[in-house]
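# Breakdown of the fold
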Amino acid sequence: MTETFGPQLPLALRAPPDQRLDRYLQAPDGLLPQLRALAAGNAATAAGVYLHGAPATGKTHLLLACCAEAQASGRQVAYLSLRGLRGRVRLASEGLERAELLALDDLDAVAGEHADEVALFDLHNRLRDAGRAPLYAASAAPDALGLVLPDLRSRLAQCARWALPVLDDAGRAELLRQRAAARGLEFDAVALDWLLRRASRDLGSLTALFERLDRASLAAQRRLTVPFLRQVLGAD
């Protein structure tokens, strides 16, 4: 059984098969090797790794994927999203420095809350003292996050920082092809193009739409073709 730290949820419930490092598309050169090194405990930077980007750029995907890879190699991991924890980070972070890999998501959710920032600063220092390199994710770089504690901003700025790109059309198409192939679905190329020209560019919405089509395809035992997409999405 995997040991848990503080409010960590079991990783099996948080990292579905689609969320693996090799499933992340259009990664900046050098990012995935650095995350693999971090997962293996061979991080080149003791200060940690900091990912930032717009919504739906895959920040949570990468954090969970890195945790999954670390856990697969026998390391103890903890993942914690700070969303919904404003004013409660001190309590939520107790003991997390014992994790061999700690991934902290949604730092922007507590930016500007002095007590929470002090708690994060203290946690960062405990991790450093224990020889751990944390993995962070937020919507913006440390200097643009609205932090009020200069010491925390300084610590985060020392991390290896990576800006995550928004997927282009080719990336969005490949994402859906991967999802379909992983579930044994045949996604007709014409149907895929038809869908992408009509679907939202937001990856969250696109993923939700694919899940809907997956369920409909399974229920009807139909391939994902243009006529089938028209049938399922006709009401929209």
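Report follows, based on the coordinates. All values reported here derive from a predicted model rather than from experimental measurement.

### Here we look at the sheet that holds strand β4 (residues 135-138)
Read across the sheet, five strands follow the order β2-β3-β4-β1-β5 without closing on themselves; strand pairing throughout is parallel. Each end of this open sheet is capped by a strand with a single partner; those strands are β2 (77-81) and β5 (160-163). Neighbour-to-neighbour, the strand axes of the sheet open up by a mean angle of 15°, direction not taken into account.

### Description of the layout of surface pockets
Taken as a whole, the largest pocket holds about 590 Å³ of empty space. Lining the largest pocket are 28 residues, with Ala 56, Thr 57, Gly 58, Lys 59 and His 61 positioned closest to its centre. Within the residue set of the lining of the largest pocket, elements represented by two or more residues are α2 (59-72), α6 (169-182) and α8 (203-220). Considering each element in turn, the lining of the largest pocket owes the most residues, four residues, to α8. Residue classes in the lining of the largest pocket are distributed as nine nonpolar, nine polar and 10 charged.

### Concerning helix α1 (residues 31-40)
Among all positions of α1, only Leu 31, Leu 32, Gln 34, Leu 35, Leu 38 and Ala 39 are buried. Take α1 and look down its axis: the buried residues cluster within an arc of 160°, on one side only. Buried residues along α1 sit in contact with β1 (49-52), α2, β3 (101-105), β4 and β5. Phi for Gly 41, located one or two positions after α1, is positive at around 85°.

### Here we look at the packing of aromatic side chains
Both the distance between ring centres and the angle between the ring planes are used here to describe each pair of aromatic rings. For the coordinates displayed, the defined rule picks out one aromatic pair. Seen in terms of ring centroids, Tyr 50 and Tyr 136 are 6.5 Å apart; in terms of plane orientation they differ by 50°. Their pairing is tilted. Pair noted here: Tyr 50 is in strand β1 and Tyr 136 is in strand β4, with a separation of 86 residues, a long-range link. Both residues of the pair, Tyr 50 and Tyr 136, count as buried.

### Here we look at the packing of α6 against α8
Two elements in contact, α6 and α8, have axes separated by 11 Å at closest approach and are oriented at 30°. In terms of crossing hand, the pair formed by α6 and α8 is right-handed. Here α6 contributes Arg 172, Leu 175, Leu 176, Arg 179 and Ala 180 to the contact with α8, which in turn contributes Leu 203, Leu 206, Thr 207, Phe 210 and Glu 211. Here the residues of the contact of α6 with α8 sort into six nonpolar, one polar and three charged.

Conventions used here
Residues numbered from 1 in each chain as written. Predicted model: local features only at pLDDT ≥ 70, side-chain atom pairs only at ≥ 80, totals over all residues. Heavy atoms only, no water. Pairing = 2+ DSSP bridges. Helix = DSSP H or I, 4+ residues; strand = E, 2+ residues; numbered from the N terminus. Axes fitted to C-alpha atoms, helices over the stretch in contact; angles between N-to-C directions. 1 Å grid on protein atoms, 1.4 Å probe; cavity = no way out; pocket = protein on both sides within 12 Å on 5 of 7 lines; lining within 4 Å. Points joined across faces, edges and corners; volume = space filled by probe spheres on them. Nonpolar A, V, L, I, M, F, W, Y, C, P; charged D, E, K, R; others polar. Buried < 20%, exposed > 50% of the residue type's maximum accessible area, 1.4 Å probe, protein only. Arc of directions from axis to C-beta. Contact = heavy atoms within 4.5 Å. Phe/Tyr/Trp six-rings, centres within 6.5 Å; stacked < 30°, edge-to-face > 60°. Left-handed = near helix turned anticlockwise from the far one by under 90°.

Function-wise, these values are silent; they only describe arrangement.
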